[in-house]
Amino acid sequence: MQAMEETAVQEEHLDVLSQDGQKTGVSKPRGAVHRDGDYHRAVHVWIFAERTQQLLLQRRADCKDSWPGKWDISSAGHISAGDSSLVTAQRELQEELGISLPKDAFEPIFVFLQECVINDGKFINNEYNDVYLVTTLDPIPSEAFTLQETEVSAVNYIFFKEYKSLLAKSDPDYVPYDVSGQYGLLFDIIMKRYTKNSMERHLALQKQLGRYAPVSLTAELTGLSDAEKEALVLLVKAARIMDNIFYLQVWYSNPALRDWLKKHADVSELDKLKWMYYLINKSPWSCLDENEPFLTTADSAVKLLPEAAKQITGWKGLEYKAAFPMKKPPGANFYPPDMDKMEFNKWKGSLTDDQQRDATGYFNVIKRHSQENILSHHLIDGLTDSTGSHDLYIVPFSQEYNSFLVKAAELLHKAGDLASSPSLKRLLHSKAKSFLSNDYYESDIAWMELDSKLDVTIGPYETYEDSLFGYKATFEAFIGIRDDVATAQVKLFGDNLQLLEKNLPMESVYKSEDIVAAPIRVVNLVYAAGDVKGPQTVAFNLPNDERIVKDRGTCMVMLKNISEAKFRHILGPIANACINKEQRELVDFDSFFTHTICHECCHGIGPHTITLPNGQKSTVRLELQELHSALEEAKADIVGLWALKFLISQDFLSRDLVESMYVSFLAGCFRSIRFGLEEAHGKGQALQFNWLFEKGAFIWHPDDTFSVDFAKVEEAVESLSREILTIQAKGDKEAARLLLEKYCTMTQPLKVALQTLENIQVPVDIVPSYTAVNEMLD
């Protein structure tokens, strides 16, 4: 009796889900879940041998309560209450087959809902299965497996097409799966991955590469002293370390993929194209194609892990492909790959105020205790439920990227010692310290106060990669030579930020009385690294830290030579193709560059720190989460256009700018939307175009060109500015979602314009090479 009671106590508990797969907050014993037909979660792990095109099957033990004695998935199991999907996949493979693999071996390919009733109605299986694919080079020798006798009686490899055929025929020896339905994705993915014509891939990559115009960037270095040139070399070396960190921040197997592609770039013309396009995107996902993958795990790095299975004579060990998912992970590598918002928010609610600030802060990653423990065989089951603690924990950047940041800090200190400018010296030494302390406040203030011919931006800033919440910052570096003449010319914008804030088209209660004039620096870029991928930025407005924005405002850096290259190679040809001939001459570089300046200035005005309707203090970023970046880019754009008109009305700018700024903005819409509607700038631009088109401010002509209705555009710009600013001021995420859902779509006018540009093959963006720095390093 006592033994039976102990068994009952120890029975595995499962999280009960709603019919659409959401957690209900209830957990029940496994037997009760299958008795009552509750929806729950499990994992399926398939091992695929690439060279033989075979899937590994296991024969289920005869004592199993479902499908005893039948051939089934390589490894599978329930996700216990409080456990995570990936850790469960790793554990099941380890327990059932004796195969211990790290997380980069597991590729999530789809989620499969299995609904069936067996055992005369006594076993109801309503199961959401996270399906993983582990790709090995060769079949694992049978002697290398250690089978769990209570689960598995045998293993066998089978050609994937033969297995699909057996399932299609409902062979009684195999656990049934409907291969004509969702589970057929497994075979479709393998088929497409390994039978795609290499010439077809070659042409596709050539076409994707053709969207970028190669540009050689030069900058005048003669104004630098010998010491500053020596410092520049050190700064470029530090910037390259930012590259290494960024690759890791995108995805944990991304550095291995990079090194593999580089090593094999000379093997064939196709391998060269893979490497070239990878360098532009810095990941296997194409920025200009809604982050669709242009590579698969089949293209990835091969890793040897001798200790992954039982050692046998004459076998060097298990070789697997470092996996990455087909769908770009919304949380990048800042969070556990199988963490969802519900789990994060439940954990966050258990933290102190200070811990919550760290959890949602810019400069920390979130990890799992169980993930760290599993390969060392110290896995804690059901950590959330059984111990009262939680599986998630916070790791500061200074710890997570320590080996990189120590080297970068050393280089910055050396460059700081060489700097003749006191402000540059202060910046470099304070930034080096911040890399190791994880406190970036003082170094960001030093960056804002930089007054040096050699202009440096380096560190973690933008949050675009974190599309799950928009919390976490990526590392980047921009090194340039200041253009003193152009910097003096744009001082007007920073000097009038408070005036612009006072007159913003929103209720006065939301306006700030203490806007600080944002310094503006115009530079010619000589080197960039880190989060500089796909479409190149023409300017940036930093820092994003709301504490500094509130206390000191922001600072803007304009990349003039990047802007000139984009206008020459992209915006000019777009205007010729898409703007009605009567307004075509109004598109000019001065209007384009001036609006870019105003866009960046307008990041510094409008709501940042806000008071919610319940009286609680918060920030726009925290309230709008993953919607913040797209809405903030749209705000800066449209309010920038409003601000230009306001400054013209106050006689700060020439009235000759009025028409050209609107038409240049219209042409710029088509440029930015080509970045894709998954990217914040492209999404924000679609919102603006569709709003202004709906209001009649943009006109679509029968010849498929476009023009501006000058009688309607001013009011349309003001109305959208008011809409976005009010949403931000209220922290109204639902209103933000509705606005973006309605207007961030590829409408027919946009499709027509983009097809026109596709037909004449206007480049979408540029790929810079840094001639001046390369010559110096040589």
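Source: prediction; values computed, not measured.

Observations concerning the overall build of the protein chain
Inference 1: In terms of regular secondary structure, the protein chain is built from 31 helices and 26 strands.
Inference 2: Relative to the globule expectation of 28 Å for 778 residues, the C-alpha radius of gyration of the protein chain, 28 Å, shows essentially globular dimensions.
Inference 3: Overall size of the protein chain, expressed as C-alpha extent along the three principal axes, is 90 × 55 × 55 Å.
Inference 4: Burial statistics for the protein chain: of 778 residues in total, 60% are counted as buried.
Inference 5: By element, 50% of the accessible surface of the protein chain is carried by carbon and sulfur atoms, the whole surface being about 31500 Å².
Inference 6: Between the averaged position of the 81 positive side-chain charges in the protein chain and that of its 112 negative side-chain charges there is a distance of 2 Å.

Regarding helix α26 (residues 657–673)
Inference 1: Look at α26: 24 Å from first C-alpha to last across 17 residues, which is about the 24 Å you get at 1.5 Å a residue.
Inference 2: Of all the 17 residues making up α26, 16 are buried; the element is thus mostly covered by neighbouring parts of the structure.

Focus on the sheet that holds strand β18 (residues 475–482)
Inference 1: Here five strands make up an open sheet; going across it, the order is β17-β18-β19-β21-β20 and the pairing mixed. In this open sheet, the two edge strands, each paired with only one partner strand, are β17 (454–460) and β20 (539–542). Each strand of the sheet is rotated relative to its neighbour by a mean of 35°, with strand direction disregarded.
Inference 2: With four bridges joining them, strand β19 (residues 520–530) and strand β21 (residues 555–559) adopt parallel strand pairing. Looking at β21, one finds that Ile520 is bridged to Met556.
Inference 3: Of the strands in this sheet, β19 and β21 are in contact with helix α22 (residues 560–578), which crosses β19 at around 80°.

Quick look at the packing of aromatic side chains
Inference 1: If you walk through the whole model with that rule in mind, you get 46 aromatic pairs.
Inference 2: Ring centres of Tyr177 and Tyr183 lie 4.7 Å apart, and the angle between their planes is 20°; on these two criteria the pair is classed as stacked.
Inference 3: Using a relative accessible area of 1% as the deciding quantity, one classes Tyr183 as buried.
Inference 4: When the ring of Trp642 is compared with that of Phe646, the centres are 5.6 Å apart and the planes differ by 15°; the resulting orientation is stacked. Of this pair, Trp642 and Phe646 both sit in helix α25 (residues 628–649), four residues apart, which is roughly one turn of that helix. Taken as a pair, Trp642 and Phe646 share a single burial class, namely buried.
Inference 5: What links up through ring pairs into an aromatic cluster is the set Tyr362, Phe363, Phe397, Tyr401, Phe435, Tyr440 and Phe475.
Inference 6: Directly above the aromatic system of Tyr247 lies the positively charged group of Arg258, at a separation of 4.7 Å from the ring centroid.
Inference 7: The ring of Tyr362 carries Arg621 above its face, with NZ or CZ at 4.1 Å from the centroid.

Notes on the UniProt feature "domain: Nudix hydrolase" (unreviewed entry) in the protein chain
Inference 1: Taking the UniProt record as the reference, the feature "domain: Nudix hydrolase" (unreviewed entry) is found at residues 38–180.
Inference 2: End C-alpha atoms of residues 38–180 are separated by 25 Å, and the span's content is 15% helix alongside 41% strand.

Considerations on the nonpolar core
Inference 1: Formed by 170 residues in total, the largest nonpolar core has its most connected members in Phe493, Phe670 and Leu687.
Inference 2: Of all the elements, α25 adds the most residues to this core, at twelve residues.
Inference 3: Excluding residues within four positions of it along the chain, Phe493 makes contact with Ile520, Thr594, Ile597, Cys598, Cys601, Leu644, Leu647 and Leu653.
Inference 4: Counting 51 residues, the second largest nonpolar core, distinct from the first, contains Val43, Ile79, Tyr252 and Ala309.

Description of helix α10 (residues 341–348)
Inference 1: By the burial criterion, the buried members of α10 are Glu343, Phe344, Trp347 and Lys348. One face of α10 carries all of its buried residues, which in axial projection span an arc of 130°.
Inference 2: Residues of α10 that are buried sit in contact with α11 (353–359), β15 (364–368) and β16 (392–396).

Digging into the packing of helix α7 (residues 226–250) against helix α8 (residues 254–263)
Inference 1: Where α7 meets α8, the closest approach of the two axes is 7 Å, and the angle between their N-to-C directions is 120°. What the angle tells us is that α7 and α8 run oblique. Contact with α7, carried on its side by Asn244, Tyr247, Leu248 and Val250, involves Asn254, Pro255 and Arg258 of α8 and no other residues of that element.
Inference 2: Within the contact of α7 with α8, the residues separate by chemical class into four nonpolar, two polar and one charged.

What to know about the environment of Lys560
Inference 1: Position of Lys560 among the secondary structure elements: in helix α22.
Inference 2: On a C-alpha basis, the gap between Lys560 and Asp483 in space is 8.5 Å, while along the polypeptide they are 77 residues apart.
Inference 3: Other than its neighbours up to four places away in sequence, Lys560 contacts Asp483, Ala486, Val522, Val523, Asn524 and Phe593.

What about the packing of α22 against helix α23 (residues 589–602)?
Inference 1: Contact geometry of α22 with α23 gives a least axis separation of 11 Å together with a crossing angle of 130°. Relative to α23, the element α22 lies oblique. By crossing handedness, the relation of α22 to α23 is classed as right-handed. In this structure, α22 uses Lys560, Ser563, Glu564, Phe567 and Leu571 to contact α23, whose residues at the interface are Phe589, Phe592 and Phe593.
Inference 2: Its residues placed into classes, the contact of α22 with α23 shows five nonpolar, one polar and two charged.

Each value, and the rule that gives it
Residues numbered from 1 in each chain as written. Predicted model: local features only at pLDDT ≥ 70, side-chain atom pairs only at ≥ 80, totals over all residues. Heavy atoms only, no water. Helix = DSSP H or I, 4+ residues; strand = E, 2+ residues; numbered from the N terminus. Rg over C-alpha atoms; globule rule 2.2 N^0.38 Å. Buried < 20%, exposed > 50% of the residue type's maximum accessible area, 1.4 Å probe, protein only. Areas by Shrake-Rupley, 256 points an atom, 1.4 Å probe, with all protein chains shown as cover. Lys, Arg positive; Asp, Glu negative; His and termini not counted. Charge placed at Lys NZ, Arg CZ, Asp CG, Glu CD. Expected span 1.5 Å × (residues − 1). Pairing = 2+ DSSP bridges. Axes fitted to C-alpha atoms, helices over the stretch in contact; angles between N-to-C directions. Contact = heavy atoms within 4.5 Å. Phe/Tyr/Trp six-rings, centres within 6.5 Å; stacked < 30°, edge-to-face > 60°. Lys NZ or Arg CZ within 6 Å of the ring centre and 35° of its normal. UniProt positions renumbered as here; feature names shortened; annotations may be inferred. Core = buried A, V, L, I, M, F, W, Y, C linked by side-chain atoms within 4.5 Å. Arc of directions from axis to C-beta. Parallel < 35°, antiparallel > 145°, perpendicular 65-115°, else oblique. Nonpolar A, V, L, I, M, F, W, Y, C, P; charged D, E, K, R; others polar. Left-handed = near helix turned anticlockwise from the far one by under 90°.

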